[in-house]
Amino acid sequence: MSQKVQVYPIKEIRNQFPALKREFNGGEVVYFDGPGGSQVVKSSIEAITKYMENGGANLHGSFPSSHETEEIIANAKAIISDFLNVKPEEIAFGANMTTLALSIARALGRKWGKGDEIVVTEIDHRANVDTWLTMAEDRGVTVKWIKVDPDTLTLKLDNLNEMINENTRLVAVGLASNAVGTINDVETVAKRAKDVGALVAVDAVHAAPHIAIDREQMGADILLCSSYKFFGPHVGIAAIRKNIFENLNPFKLSPAPTYIPDKLETGTLNHEGIAGISPAIEFIASLGEGETRRERILSGLKQIEAHENKLADKMRAGLAKMDKITLYQADSSVPKTPTIAFTIDGYTPQEICRKLSEEHGIFVADGHFYASTLGDILGINEKGGWIRAGLAPYNSEEEVERFLNAIKQY
Ligand SMILES: Cc1ncc(COP(=O)(O)O)c(C=O)c1O
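To continue, consider the nonpolar core. With 77 residues, the main nonpolar core has Leu84, Phe93 and Trp386 as its most contacted residues. Here this core spans two domains, since at least three of its residues come from each of domain 1 (10-40 + 301-407) and domain 2 (45-281). Ile104, Val120, Ile222 and Phe245 belong to the second largest nonpolar core, which has 32 residues in total.

If you want it as structure tokens, here you go:
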């Protein structure tokens with residue numbers, strides 16, 4: 001696929017995000033809190049409103065609003081299948097990624113017990129760790145941890161053959177760290193898991209707004225993300241490989257369907273939220289070009305990646321020049337999302353984030369962001385964790401400059 005060099009349409013993009021017009025203490029707000037939840041694109045907000053204004057309904061009714069709801073869900077699954085390179089029928093919705101992962105873990109664990117092993121990592125958000133640990137505890141399954149190198153902030157994969165063996169039932173790994181931005185070598189982990197017949201659960205929540213996701217290329221069996229991280233509303237998304245999903249036995253009500261994906265979608269779904277997912281992915285596709293929607297999504301993500309990386313380089317370089325700052329990032333040879341974690345001597349992360357908000361209208365989050373194992377290893381949880389600045393497609397170079405000028409004052 002060839003891609004023309006084009007100017008990134010930052011002005012047009014910013015116009016599509018109503019939240020960017022918000023003012024705080026007399027100035028326009030800068031949102032660098034995308035890793036905690038991105039702002040929502042206008043077309044998504046409009047689709048949610050339209051769904052509710054038109055008369056929403058539950059499924060399986062013999063009247064138009066019920067049919068329309070079913071159509072909205074089917075359309076959302078079709079576009080997500082292009083977004084993740086999965087089949088529409090493999091997709092299930094839920095409250096959020098964590099709730100879906102807990103449910104999938106419980107269901108899988110029903111077949112596992114003593115002698116079985118699972119593998120989790122030290123770098124991941126605990127949503128892709130504790131979900132599996134709690135199941136393992138209940139079922140007597142052994143847990144192994146892929147270690148993180150605290151100096152390079154990458155996973156140590158040198159002992160993978162020993163770590164993942166014929167007793168391994170599942171390997172849970174994140175595509176990218178929501179704290180320090182490291183993009184993990186999921187393909188290598190998944191390849192080893194496949195060699196011994198283990199399942200691979202990939203947490204793509206943080207990666208999804210930033211890089212192309214290809215379930216097949218990664219070798220994932222269970223792929224999880226959340227649309228509130230990629231410009232849509234709060235809806236969790238799970239894509240489970242069909243043969244595995246068909247054999248899954250989730251906890252559910254007895255009259256509820258036994259077929260996929262409905263058996264995992266317990267209760268009534270967030271229909272209005274689901275209505276907002278397609279426009280969020282269409283927004284990404286609108287930045288790209290290509291004949292098929294998948295091509296446009298991939299090409300749009302390339303545009304986003306180039307823009308975000310340019311801003312991230314500027315932010316990293318600016319911060320690196322400042323004396324009191326400690327940056328927590330893998331070196332330049334390691335691919336990263338534009339998520340920048342740091343601390344400033346003499347202040348707690350919370351103090352800095354409060355000052356940035358009150359004195360400069362810059363919204364940045366502090367804490368361990370549930371990547372608490374990594375925070376423990378780096379010894380920063382007891383000091384309030386990190387300050388985390390995350391870039392999104394709607395952020396501009398001027399905003400990065402505003403941020404660096406503000407940070408300089410501390
Ligand atoms: C990497 C990662 N995984 C999982 C989650 C949890 O997602 P959810 O809020 O949809 O449960 C988050 C949320 O911040 C995250 O960043």
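Back to the write-up after that little detour.
One can read the domain layout of the protein as domain 1 (10-40 + 301-407) and domain 2 (45-281). Placing the centre of domain 1 and that of domain 2 at their C-alpha centroids yields a distance of 26 Å. Counting from both sides, the interface comprises 36 residues of domain 1 and, opposite them, 32 residues of domain 2. Of the roughly 2700 Å² buried at the junction of domain 1 and domain 2 (both faces included), carbon and sulfur atoms supply 64%. Where domain 1 packs against domain 2, one counts zero salt bridges. Here domain 1 and domain 2 share 14 residue pairs in polar contact (both at pLDDT 80 or more) between them. Counting only elements with at least two residues in the side of domain 1 that touches domain 2, the list comes to α12 (293-320), β14 (339-344), α14 (372-377) and β17 (386-390). When grouped by side-chain class, the residues that make up the side of domain 1 that touches domain 2 number 22 nonpolar, ten polar and four charged.

This next bit is on the site of the ligand. The environment of the ligand is made up of Asn96, Met97, Thr98, His125, Ala127, Asn178, Asp203, Val205, His206, Ser226, Tyr228 and Lys229. Thr98 places a side-chain nitrogen or oxygen 2.5 Å from an oxygen atom of the ligand. Between the ligand and Ser226, the relevant distance is 2.4 Å, taken from an oxygen atom to a side-chain nitrogen or oxygen of the residue. Taken by itself the ligand offers 390 Å² of open surface, and the protein chains cover 90% of this. Tallied by class, residues from the shell around the ligand come to four nonpolar, six polar and two charged.

This brings us to the sheet that holds strand β9 (residues 168-174). What holds strands together in a sheet is hydrogen bonding between their backbones, with the strands either parallel or antiparallel. Taken together, seven strands build an open sheet; the order of strands is β4-β12-β11-β10-β9-β5-β6 and the sheet is mixed. Of all the strands in the sheet, the pair left with one neighbour each is β4 (91-94) and β6 (142-146). Within the sheet, the average angular offset between the axes of one strand and its neighbour, ignoring direction, is 20°. The pairing of β4 with strand β12 (residues 236-240) spans four bridges and is classified as antiparallel. For Ile91, the partnering residue across the bridge sits in β12 and is Ala239.

With that settled, consider helix α2 (residues 42-54). With 13 residues, α2 extends 18 Å between its outermost C-alpha atoms, agreeing within 8% with the 18 Å of an ideal straight helix rising 1.5 Å per residue. For α2, the set of buried residues is Ser44, Ala47, Ile48 and Tyr51. Taken down its axis, α2 places every buried residue within 100° of arc, on the same side. Exposed side of α2, more than 90 degrees from the buried face: Lys50, Glu53 and Asn54 are the residues found there. Check the buried side of α2 and you find it contacts α3 (64-84), α10 (271-275) and α11 (277-286). Once α2 ends, the next one or two residues include Gly55, with phi positive near 100°.

The rules behind these values
- Residues numbered from 1 in each chain as written.
- Predicted model: local features only at pLDDT ≥ 70, side-chain atom pairs only at ≥ 80, totals over all residues.
- Heavy atoms only, no water.
- Core = buried A, V, L, I, M, F, W, Y, C linked by side-chain atoms within 4.5 Å.
- Buried < 20%, exposed > 50% of the residue type's maximum accessible area, 1.4 Å probe, protein only.
- Domains from an automatic or database assignment.
- Contact = heavy atoms within 4.5 Å.
- Buried area = accessible area lost by both parts, 1.4 Å probe.
- Salt bridge = Lys/Arg side-chain N within 4 Å of Asp/Glu carboxyl O.
- Polar contact = N/O pair within 3.5 Å; in protein donor to acceptor, adjacent residues only side chain to side chain.
- Helix = DSSP H or I, 4+ residues; strand = E, 2+ residues; numbered from the N terminus.
- Nonpolar A, V, L, I, M, F, W, Y, C, P; charged D, E, K, R; others polar.
- Near = heavy atom within 4 Å.
- Areas by Shrake-Rupley, 256 points an atom, 1.4 Å probe, with all protein chains shown as cover.
- Pairing = 2+ DSSP bridges.
- Axes fitted to C-alpha atoms, helices over the stretch in contact; angles between N-to-C directions.
- Expected span 1.5 Å × (residues − 1).
- Arc of directions from axis to C-beta.

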